Structures are given as structure tokens and as C-alpha cells.
Amino acid sequence: MGMVAGPSGAEAVRWWARMMRDPMDAYGGLFRRYGDAVRLPRDRRRALYLLSRPEHAEHVLVAKQDNYVKAFTYRPLRVFLGDGLLTSEGETWRRHRRLVQPAFAQRHVTAFAPGMAGVAARGIGRWPDGVMLDAAAHMRRITLDIVGRVLFGSELAAESDATGRALADLQRSAVIGLGATFLGDAGLRRVFRLVPGAQRAGAQLDGIVRRVIDERREAGPGGEPDLLDLLMRDDDAPLSDAELRDEVLTLLLAGHETTAAALTWTLILLSRYPAARDRLEAEVDEVLGDGLPDAKDLDRLPWTRAVLSESMRLYPPAWTIERDAVADDDVAGAEVSAGSTIVISPYLLHRNPDLWPDPEGFRPERFLGEQDRPRHAYLPFGGGRRICVGASFAMMEAVLVLALIAREARLDLAPGVAVPSRAEVTLRPARPVPMRVSRR
Ligand code: HEM
């Protein structure tokens, strides 16, 4: 067991201040200054540990997961998302996970492919040649439309701009709320009343969720049961109205914003790396033909998948995973006291030069063939029992959407445009992403 390097005293206070302003910037700074195991004291007993080696991730997320719960840093988000899968714990989490997971079993997910491809093809088909569009907004529209139709049987595309704004407000509020978690849920709610946009965002998202649920209640179940039917099933332990609201909202948000960010970063990278894009176009031209791709085409699109994997290495949409230790622990040599917070940041792990040669370079070929890196060096979907429930859904969706885009059009970032990132709950472009469409 050992102590871990890190700042103390006034220097620690400065790092905390930096963290409240821009957590990713602070984590990056701590990593560069102190290395891949850093301790930042929080009070006399507790600290925040920034641990960026695969064995740390393996320990906290898998081997000793019973000793870890979602960190206090998720509390502001929980005020909005309540007891949905992302923010609940214990028996509530287990019950929700059991309910939701079957809808994401491989067999089910494969059946979603035609619906996903249809939505994507309609979205992309409307892009005129030569037009400049905001790639981030378009990716959000397509992924929200997919989640709405495929999981909830609802038409949400029209709501995508409003949802996008509400989500941006919600994420900003969640980061502001980080400084007020000691106030508890009621205190955080009071703080959010003062944060511009936070109330409106909550009300807007609530409205969308209520509409999705009310429409289904009126229509009743019909055809193949979808995720919403599973959630609304009236068995011996049905979800309460509040739980149902929380879960639909969680899946709606977790299910589209992350995938949209992954696709947007991918389009930006492809525009910067034309050789990778040429290879992508060659692959989809050979595999897809004129029709809509489906699940059986996926195995024949290894480069498309590798491009997405490499893009999520550099820009993991879920860029940080945080847990609180229940009891004292020894995390691969780091002595951690009960109540302390562990940050496992996929962003830092994915760029750790000890694990990835040329860590800043875009090299999809890393993800082709045999890969000999440690298993937990790459964590875009997390790990252990809280691993992303929608991982296969997201991967299939992203491959289908990207393959269709590559077949139909080439997107080039407007010259001279920089794309700064914003790391709040998700890692996404901070501004609109103007890209010019050339139809192929
Ligand atoms: C590229 C897209 C996606 C990425 C990068 C991603 C990433 C992640 C990560 C890292 C976690 C774990 C968080 C933690 O351990 O604290 C997570 C959890 C979760 N994700 Fe995803 N996700 C994506 C897409 C989706 C989709 C499409 C859905 C649903 C349709 C979804 C629903 C969820 C839910 C409900 C959880 C919480 C699971 C639990 O705690 O039981 N995600 N996601």
C-alpha cells in the first residue's frame, strides 16, 4: 500500500477551483503534472483519486465493484434523472436493469437494424449537394429520431433542436451543481432555480417524456413489444409513474446524446484524415450496394467499426467515470480511504502514452485484427455491472449511420474552423460544427 502523489494545501485548493470550472482541463493538468495516479485532498479524511491505468479501472469497475457506488459528482445529474439506470443504486438499480436489459439483448438489437438504417437514410437523403450544415445538430436529430422510433415508438425528430438546447443547459447546470453537492438534493434543487435555463430544461424534457408515455397509454400495446412496453408492463412489481418517467428520460438522453457526439467527432476526424475516409468509402461501396444496410452487413464493415473505435478512443463521449469508495481499499497500490472518490477517465486512459503509441494520432488500424493491449485500456462503454446497457445498440447504430453517410456524401469541415471540445457530462463539440456536403 502506498501514498499517491498529488498537490496539498493552497495548491490543492487551486486545483479544486480549476476542476469546478473545467473538470477535463483540470484532470489533464493533474495527469501531466503528477502522472497516472494522483491524489487531490477533499477534506481531512477524504480525497479525489485520479487513476489512469488499466489495472485501476479493472479493480474499481470489475474486481472490487461491490466496494464502489456512483460518486457524489453524479448528484446534480440525479436531481434531473432521478432513479433511472444511470443514477440509481442498490435494489432500485437492480430492478430497473433487469427490466431494461432484455430489450438490449443481441437478438433484439439486431432486429432494430432496419429501423435505424431507415431513419438514417431519410435524414441523410435530405442533405442537398454543396450545402453547409451543422453536423452536430444533424447527428443529434438522427440519433434522437432513432431512439424515439426504435425504443419508444414515438416521433421525436421535430423536438431535436429543443432537446439539444435543453440538454446543453442541463449539462452546464450539472457542472455548476458540482460545487453545491454538499447541500443535498433539496439544496441542489434550490441552486438550479437560480441557474439560467435549468428550470426550463427540466420542464422541456419532462414534457417530451410525458408525451411519449401518454401516447402509449392511449394507444395501448400493439405489435412486437418495445422497450416502452417492457417498462410499462403491469407485472407483480410495476414501475411507479415517477420511476417510469425517470427511466424514459434516462434512456432518451443516455441513448442519443453520446452516440451523436461519437458520430460528430468521427465526421470531424475523417474530414482531417482523408486517407482514412477514402478507405471507408471504398469499404462501404463494396459492401452496401444500393439498399439499406442491415445487421448482417456489420461483420463486413471492419474499417467502419475501427474508425468509430478510434474516434471514441480520442473523444470518448463518456469521458469520465466516477465512483465513491464504501470502505478503505488498496487500488493497485494506491491507498484509498472510505468516502473518497475515484475518477477513472476514459479520456486519460485512452491517451496514456504507456498504452498507446502515437496517442494523439488518428490510426483506426489499431483496432483491426489481434490487439494485445490490456483489456481495460479501452473503456468507451465503461465496465463491470454498470457497463453501458446500450453498448451493442450504440455500436450497431453508429456503424450503420456512418456507413450510410459515407456511401451518400462526403462532409468537409469548413476551412479555418476550430472545434474546441466541451467536457461536461459528455464530451462534445463546444460549438456548431459547420461541414460542407458533397454528394457522392
Ligand atoms: C456511443 C454511445 C455511448 C457511449 C459512449 C456510452 C457510454 C456509457 C458509459 C461509459 C456508461 C457507464 C457509466 C458509469 O459507469 O458511470 C454508460 C451507461 C449507460 N448507458 Fe451508455 N453509452 C452510449 C450509448 C448508449 C445508448 C444508445 C443507450 C440506450 C439506448 C445507453 C444507455 C445507458 C444507460 C441506461 C447507462 C446506465 C447503465 C447502468 O448503470 O446500469 N447508452 N454508457
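The structure presented is a predicted model; accordingly, all values stated were derived computationally and were not measured.

What to know about the site of the ligand
1) Next: Near the ligand there are 27 residues, and of these Trp93, Arg97, Arg323, Arg386 and Cys388 occur at the shortest range.
2) Next: With respect to the ligand, the backbone of Leu85 contributes an N or O atom lying 3.3 Å from an oxygen atom.
3) Next: Here a nitrogen atom of the ligand and a backbone polar atom of Ala254 are 3.4 Å apart.
4) Next: For the shell around the ligand, the per-class residue count stands at 18 nonpolar, 5 polar and 4 charged.

Thoughts on the sheet that holds strand 12 (residues 434-439)
1) Next: With respect to topology, 3 strands assemble into an open sheet ordered 4-12-9, the strand pairing being antiparallel. Of all the strands in the sheet, the pair left with one neighbour each is strand 4 (132-134) and strand 9 (409-413). Across this sheet, the average inter-strand angle for adjacent strands is 40°, counted without regard to direction.
2) Next: Sheet topology note: the strand 9/strand 12 ladder contains 5 bridges and is antiparallel. The residue of strand 12 that forms the bridge with Asp412 is Arg436.
3) Next: Packed on one face of the sheet, helix 13 (residues 257-272) meets strand 9 and strand 12 and runs near 85° to strand 9.

Remarks on the pairing of strand 1 (residues 37-41)
1) Next: Pairing of strand 1 with strand 2 (residues 47-51), which is carried by 5 bridges, proceeds in the antiparallel orientation. The residue bridging Arg39 from the neighbouring strand is Tyr49, located in strand 2.
2) Next: The turn linking strand 1 back onto strand 2 is made up of 5 residues.

Definitions and limits used
- Residues numbered from 1 in each chain as written.
- Predicted model: local features only at pLDDT ≥ 70, side-chain atom pairs only at ≥ 80, totals over all residues.
- Heavy atoms only, no water.
- Near = heavy atom within 4 Å.
- Polar contact = N/O pair within 3.5 Å; in protein donor to acceptor, adjacent residues only side chain to side chain.
- Nonpolar A, V, L, I, M, F, W, Y, C, P; charged D, E, K, R; others polar.
- Pairing = 2+ DSSP bridges.
- Helix = DSSP H or I, 4+ residues; strand = E, 2+ residues; numbered from the N terminus.
- Axes fitted to C-alpha atoms, helices over the stretch in contact; angles between N-to-C directions.
- Contact = heavy atoms within 4.5 Å.

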